[in-house]
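# Remarks on the overall topology
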Amino acid sequence: MQEVILAISGRPGLYRLVSRGRGTLIVETIDATKKRFAAGPREQVTALNDISMYTDVDDKPLMEIFQTIKETLEGAKADVNIKTATATELAEFMGKALPNYDRDRVHNSDIKKLIQWYNILTEAGLNDFVSEEAEGTEAE
C-alpha cells in the first residue's frame with residue numbers, strides 16, 4: 001500500500017495522511033466525506049504498517065493478515081457483523097485469517113477492529129495490502 005493509512009485512538013475509522021504541519025498531521029477520512037482535520041500532538045496516531053498481531057511463534061504484520069483475508073474472501077468484504085458476532089464466530093473468522101494467532105493475547109475486540117478496518121479499506125478500494133516487492137522478498 002503506497003499511502004500512509006492511520007488509526008487515531010479515540011476516533012472511529014481510518015485516515016489517510018495528507019500532509020505534515022508544525023507539530024500536527026493533516027489527515028483525511030477514508031470514506032465518501034473526505035473530511036480533513038489536524039491531528040494534534042495529544043492524539044495517539046499509529047500507522048497501520050506499524051501494527052502487528054500476536055501468533056504462537058512470532059508477530060505477523062497487519063498488512064500481511066489483510067492480504068490473507070483478501071485472498072480467502074476473494075477480495076470481498078468480510079460478512080461478519082462485528083456488533084452481533086459471537087466469540088465463536090470471531091474465532092472462526094480469525095482462524096481463517098491467521099490460523100496460528102495467540103488465542104490468549106488476541107482479544108475479541110482486536111478481531112472486531114481487524115474486520116472493521118479490512119472492510120473500510122476494501123470499500124475505499126485500498127486493497128493492495130502487500131506490495132509485490134515485499135512478496136518477492138518474503139519468498140527468498
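So, here is what we can say about the structure in this document. If you're wondering where the values come from, they're calculated on a predicted model, not measured in any experiment. (Residues numbered from 1 in each chain as written. Predicted model: local features only at pLDDT ≥ 70, side-chain atom pairs only at ≥ 80, totals over all residues. Heavy atoms only, no water.)

## Overview of the pairing of strand β4 (residues 36-39)
Burial of β4 is one-sided: the residues F37 and A39 facing one way are buried, the residues R36 and A38 facing the other way are not. Both strand β3 (residues 25-29) and β4 contribute to a ladder of four bridges, which runs antiparallel. Bridge pairing in β4 links V27 to F37. (Buried < 20%, exposed > 50% of the residue type's maximum accessible area, 1.4 Å probe, protein only. Helix = DSSP H or I, 4+ residues; strand = E, 2+ residues; numbered from the N terminus. Pairing = 2+ DSSP bridges.)

## Examining the environment of L62
Here L62 lies in helix α1 (residues 62-73). Placed 12 residues apart in sequence, L62 and D50 show a C-alpha to C-alpha distance of 7.9 Å. Apart from residues no more than four positions distant in its own chain, L62 is found in contact with L48, I51, S52, M53, L114 and W117. (Contact = heavy atoms within 4.5 Å.)

## Re the environment of K60
By the secondary structure assignment, K60 is in strand β7 (residues 60-61). We classify K60 as partly exposed; its relative accessible area is 26%. Each residue touching K60, except ones within four places of it in the same chain, is listed here: S52, M53, T55, I65 and L98.

## Looking at the sheet that holds strand β1 (residues 5-8)
The strand order β4-β3-β2-β1-β5 describes an open sheet built from five strands, whose pairing is antiparallel. This sheet does not close on itself; its edge strands, each paired only once, are β4 and β5 (45-47). Between one strand axis and the next, the sheet turns through 45° on average, direction left out of account. As paired strands, strand β2 (residues 15-20) and β3 are joined by five bridges and run antiparallel to one another. The residue bridging L17 from the neighbouring strand is V27, located in β3. (Axes fitted to C-alpha atoms, helices over the stretch in contact; angles between N-to-C directions.)

## Considerations on helix α2 (residues 87-97)
Since the α-helix turns once every 3.6 residues, residues separated by three or four places project in the same direction. Restricting attention to buried positions, one finds in α2 the residues L90, F93, M94 and A97. The buried residues of α2 occupy an angular sector of 95° when the element is viewed end-on, so they sit on one face. Residues of α2 that are exposed and point over 90 degrees away from its buried face: T88, E92 and K96. Where α2 is buried, its residues contact β6 (52-53), α1 and α3 (108-123). (Arc of directions from axis to C-beta.)

## Section: the pattern of salt bridges
Scanning the model with the defined rule gives six salt bridges in all. The salt bridge involving R16 is made with E28; its shortest N-O contact spans 3.5 Å. Highlighted residues: R16 in strand β2 and E28 in strand β3, separated in sequence by 12 residues. In this structure R16 comes out as buried when scored by relative accessible area, which is 15%. Under the relative-accessibility criterion, E28 is labelled buried at 11%. D102 is the salt-bridge partner of R105, the closest N and O atoms lying 3.1 Å from each other. Exposure remark for R105: the relative accessible area of 41% places this residue in the partly exposed category. Sharing partners across several salt bridges, the network here consists of R16, E28 and R36. (Salt bridge = Lys/Arg side-chain N within 4 Å of Asp/Glu carboxyl O.)

## Comments concerning the nonpolar core
Counting 32 residues, the largest nonpolar core has L14, L48, F66, L114, W117 and L121 as the members making the most contacts within it. Among the secondary structure elements, those contributing two or more residues to this core are β1, α1, α2 and α3. By residue number, the principal contributor to this core is α3, which donates seven residues. In contact with L114, other than residues within four places in its own chain, are M53, L62, I65, F66, I69, F93 and M94. If you look at the next biggest cluster of nonpolar residues, it comprises nine residues, including L6, I8, L25 and A47. (Core = buried A, V, L, I, M, F, W, Y, C linked by side-chain atoms within 4.5 Å.)

Note that every value here comes from positions in space, so none of it alone points to a role or purpose.
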